[in-house]
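Summary of the model geometry
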Amino acid sequence: MRQVRPKKHLGQHFLTDLDVARRIADTVDACEGLPILEIGPGMGVLTQFLMTKKREMKVVEIDRESVAYLNNAFPQLRENILGEDFLRMDLQAVFAGRKFVLTGNYPYDISSQIFFKMLDNRDLIPCCTGMIQREVAWRMAAQPGNKQYGILSVLMQAWYDVEYLFTVDEDVFNPPPKVKSAVIRMTRNGVEELGCDEQLFRRVVKTVFNQRRKMLRVSLRQLFQQVQPREGFYTNDIMTKRPEQLTIAQFVDLTNMIAEELSPAQ
């Protein structure tokens, strides 16, 4: 069977190490019993081990050449090979509204977009595992006070517990990427409501981390172009902190403080 040619424009780096593929597949065991959706199976190196889990399973692959290969290599999966773009899919329709595990060897250039879509569908996805660029994994798992702690850390950890599982070297891919990879697992943390306006929360987090070296009393001013905060707002103790010093709970409190100041303008 003819091999699939890795395509640079799709960010394809095919995993070639079967031991690593088996270890990645085993990360879904923490989410027992749920159906599995694999993103970007390529030639199925991970797929073959996921299939041993004896669960309902589907794969989504945008590359037509890979879809043709998978249809030939995994005829038992043929009805469940979705030749679509994950970022455009209606995830409610994948397993008829049932919850599922998301996994895969994610394309590096769209991994953040994949996870933001997961956040928007978090009630459907209680567990997500897979391999991404190591630096992105560091950011997702970083704690307050760490230089890697940022937008992705806060937005993901608000809803998921993030585990950095293990590092993967460059030489187990074809073609080898220029960076190391890492395998992560994210499990819903039980938070159903943040306790603040979620859209404003995202806006606040992005605003302050876009000026991460500045104190909050400086970076937050751009949120108040239409209204002047009440006297004393900028003298609160939290305003002398920089964003990487704040816990998620403090970001929630900060969002509520800002919402109160913005409310006359809404």
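This report concerns the structure included in the present document.

Topic: helix H3 (residues 64–73)
Taken residue by residue, H3 has Ser66, Val67, Tyr69, Leu70 and Asn71 as its buried positions. As for H3, its buried residues are in contact with strand S1 (14–15) and strand S4 (81–82).

Quick notes on the sheet that holds strand S2 (residues 36–39)
Pairing is mixed in the open sheet, where seven strands are placed in the order S4-S3-S2-S5-S6-S9-S7. One side of each edge strand has no neighbouring strand; the edge strands of this open sheet are S4 and strand S7 (160–168). Sheet topology note: the S2/strand S3 (residues 57–60) ladder contains four bridges and is parallel. Each residue of the ladder has a partner; that of Glu38, found in S3, is Val59. Most of the contacts of helix H4 (residues 111–120) go to strand S6 (residues 127–133), to which it runs at about 165°, and overall it touches S2, strand S5 (101–104), S6, S7 and strand S9 (181–188).

Focus: the packing of aromatic side chains
Counted according to the given criterion, the structure contains seven aromatic pairs. Ring centres of Tyr149 and Phe209 lie 6.0 Å apart, and the angle between their planes is 75°; on these two criteria the pair is classed as edge-to-face. Remark: Phe209 occurs in helix H7 (residues 198–209) and Tyr149 occurs in the loop between helix H5 (134–141) and helix H6 (151–157); sequence separation between them is 60 residues. Accessibility assignment for this pair places Tyr149 and Phe209 in one class, buried. Between Phe224 and Phe233, the ring centres sit 5.3 Å apart and the planes meet at 70°, which makes this aromatic pair edge-to-face. With a relative accessible area of 5%, Phe233 lands in the buried category. An aromatic cluster is built from Tyr149, Phe209 and Phe251, whose rings are joined through pairwise contacts. Over the aromatic face of Phe95 sits the side chain of Lys58, whose NZ or CZ is 5.3 Å from the ring centroid. The ring of Phe86 has Lys117 sitting right over it, with the charged end atom 5.6 Å from the ring centre.

Concerning the side chain of Arg202
Of note, Arg202 is situated in helix H7. Discounting residues that sit within four places of it in the chain, Arg202 has contacts with Leu119, Asp120 and Leu155.

Section: the pairing of S2
The side-chain alternation of S2 yields two buried faces, one formed by Ile36 and Glu38 and the other by Leu37 and Ile39. Examined bridge by bridge, S2 and S5 share four bridges and lie parallel to one another. Note on S5: the bridge partner recorded for Glu38 is Thr103.

What to know about the side chain of Ser153
Looking at the secondary structure, you find Ser153 in helix H6. Residue class for Ser153 comes out buried when judged on its relative accessible area of 0%.

Topic: the state of the cysteines
Scanning the model with the defined rule gives one disulfide in all. There is a disulfide in this structure between Cys31 and Cys127, and the S-S distance comes to 1.8 Å. Here Cys31 is found in the loop between helix H1 (18–26) and S2, whereas its partner Cys127 is found in strand S6, with 96 residues between them in sequence. Assigned by exposure class, Cys31 and Cys127 land together as buried. Sulfur of Cys128: no disulfide; nearest cysteine sulfur belongs to Cys127 and is 7.3 Å away. Residue class for Cys128 comes out buried when judged on its relative accessible area of 1%.

Some words on the pattern of salt bridges
Under the counting rule described, the total for this entry stands at 14 salt bridges. Taken together, the salt bridges that share partners define one network made up of Asp120, Arg122, Glu198 and Arg202.

So, how was this worked out
Residues numbered from 1 in each chain as written. Predicted model: local features only at pLDDT ≥ 70, side-chain atom pairs only at ≥ 80, totals over all residues. Heavy atoms only, no water. Buried < 20%, exposed > 50% of the residue type's maximum accessible area, 1.4 Å probe, protein only. Helix = DSSP H or I, 4+ residues; strand = E, 2+ residues; numbered from the N terminus. Contact = heavy atoms within 4.5 Å. Pairing = 2+ DSSP bridges. Axes fitted to C-alpha atoms, helices over the stretch in contact; angles between N-to-C directions. Phe/Tyr/Trp six-rings, centres within 6.5 Å; stacked < 30°, edge-to-face > 60°. Lys NZ or Arg CZ within 6 Å of the ring centre and 35° of its normal. Disulfide = S-S within 2.5 Å. Salt bridge = Lys/Arg side-chain N within 4 Å of Asp/Glu carboxyl O.

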